[in-house]
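Read off the chains here:
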Amino acid sequence: MTGGAVAGPDGRLRCPWGLSTEDYVRYHDEEWGRPVHGDDALFERLCLEAFQSGLSWITILRRREGFRRAFDDFGIAAVAQYTEADKERLLADEGIIRNRAKIEATLANARVLAGRPAGELDALIWSYAPDPASRPAPRTVADVPAVTDESTALAKALKKQGLRFIGPTTAYALMQACGLVDDHLADCMARGAAPGSRAT
């Protein structure tokens, strides 16, 4: 898909991907590209982006509540305490993506982060947000990058901290989802609509 913003049933222009399903419309309009703060909230996004690797985002989105139930709402302190029995529980949970490597990475990442001061993950991730003035609004889907210098640097920094399953493409998807960049198309109704920080 290389076109510009498309009118939805309500007549408002949206990014083309945001109209493919009702789940995407809601996610596009209410969440994607809006600033997310808070270590646990960002840990959730990191985990979900890692689980999405090799899959479509809609697959993750439709299992999101299942993921939240399975991982104690992605509370870092809680997940860091998971045992081998918890890992086996997760591998048997049909409400999530039962990928052993991704589950093990999630548990390992929580253990790394649990020993860090509160707010450190938030500060680290947001330190890689580029100056909005340096990024012209994309007019078509083709103008939206998959990787940037900032996402490459962020992935490297997270790996240096000891985090697993995070590469430049996953890091950029995180940046888009959490509002570090605004990749809504220039004519999209959600462009520049971020109301401020949210931690969910």
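The structure presented is a predicted model; accordingly, all values stated were derived computationally and were not measured. Throughout this document, residue positions are counted from 1 along each chain, in the order its sequence is written. Where local features are concerned, this predicted model is filtered to residues with pLDDT of at least 70; where side-chain atom pairs are given and counted, the filter is 80 or more; whole-chain, interface and lining totals use all residues. The side-chain numbers reported here are obtained from all heavy atoms of the structure, hydrogens and water having been left aside.

Engineer: How would you summarise the overall build of the protein if you had to cite specific residues and measurements?
Structural biologist: Of regular secondary structure, the protein possesses 10 helices and 2 strands. The helix count covers DSSP runs of H or I at least four residues long, the strand count covers runs of E at least two residues long, and both are numbered beginning at the N terminus. Starting at the N terminus, the α and β elements of the protein follow one another as β-β-α-α-α-α-α-α-α-α-α-α. Over its C-alpha atoms the protein spans a radius of gyration of 17 Å, differing by no more than 12% from the 16 Å that the globule rule assigns to 200 residues. The principal-axis extents of the C-alpha atoms in the protein amount to approximately 50 × 35 × 25 Å. In the protein, which comprises 200 residues, the share counted as buried stands at 46%. Computation of the radius of gyration draws on C-alpha atoms, with the globule rule given as 2.2 Å multiplied by the number of residues to the power 0.38. Note on exposure labels: buried denotes an accessible area under 20% of the residue type's maximum, exposed denotes more than 50%, and partly exposed covers the range between, all computed with a 1.4 Å probe on protein chains only.

Engineer: So, the pattern of salt bridges: which residues are in play, and what are the values?
Structural biologist: Salt bridges, as used here, are contacts in which a Lys or Arg side-chain nitrogen is within 4 Å of a carboxyl oxygen on Asp or Glu. Summed over all chains, the structure comprises 19 salt bridges. Between Glu44 and Arg64 there is a salt bridge, with its nearest N and O atoms 3.0 Å apart. With Glu44 in helix α2 (residues 39-52) and Arg64 in helix α4 (residues 64-70), this pair connects stretches of sequence that are 20 residues apart. Pair check on accessibility: Glu44 and Arg64 agree, each one buried. Salt-bridge contacts for Asp86 lead to Arg89; the nearest nitrogen and oxygen are separated by 3.4 Å. With Asp86 and Arg89 both in helix α6 (residues 84-91) and 3 residues apart, the pair spans about one turn of that helix.

Engineer: Before we move on, could you go through the packing of aromatic side chains and cite the residues and values that matter?
Structural biologist: Any Phe, Tyr or Trp ring, taking Trp's six-membered ring, that has another such ring centre within 6.5 Å forms a pair; planes under 30 degrees apart are called stacked, those over 60 apart edge-to-face, and the others tilted. Overall, the coordinates contain 10 aromatic pairs when judged by the stated rule. Their ring planes at 85° and their centres at 5.6 Å tell us that Trp17 and Tyr24 sit as a pair that is edge-to-face. Judged by relative accessible area, which is 12%, Tyr24 ranks as buried. Taking 5.7 Å as the distance between ring centres and 40° as the angle between the ring planes, the aromatic pair formed by Tyr27 and Trp57 counts as tilted. Of the two residues, Tyr27 is situated in helix α1 (residues 22-30) and Trp57 in helix α3 (residues 57-61); the sequence distance between them amounts to 30 residues. This pair shows no difference in class: Tyr27 is buried, exactly as Trp57 is. By way of ring pairs, the aromatic residues Phe43, Phe51, Phe67, Phe71, Phe74 and Tyr82 are connected into one cluster. One Lys or Arg, Arg89, reaches over the ring of Tyr82 and ends 5.3 Å from the middle of that ring. By definition, being over a ring means that NZ of Lys or CZ of Arg is both within 6 Å of the ring centre and within 35 degrees of the ring normal.

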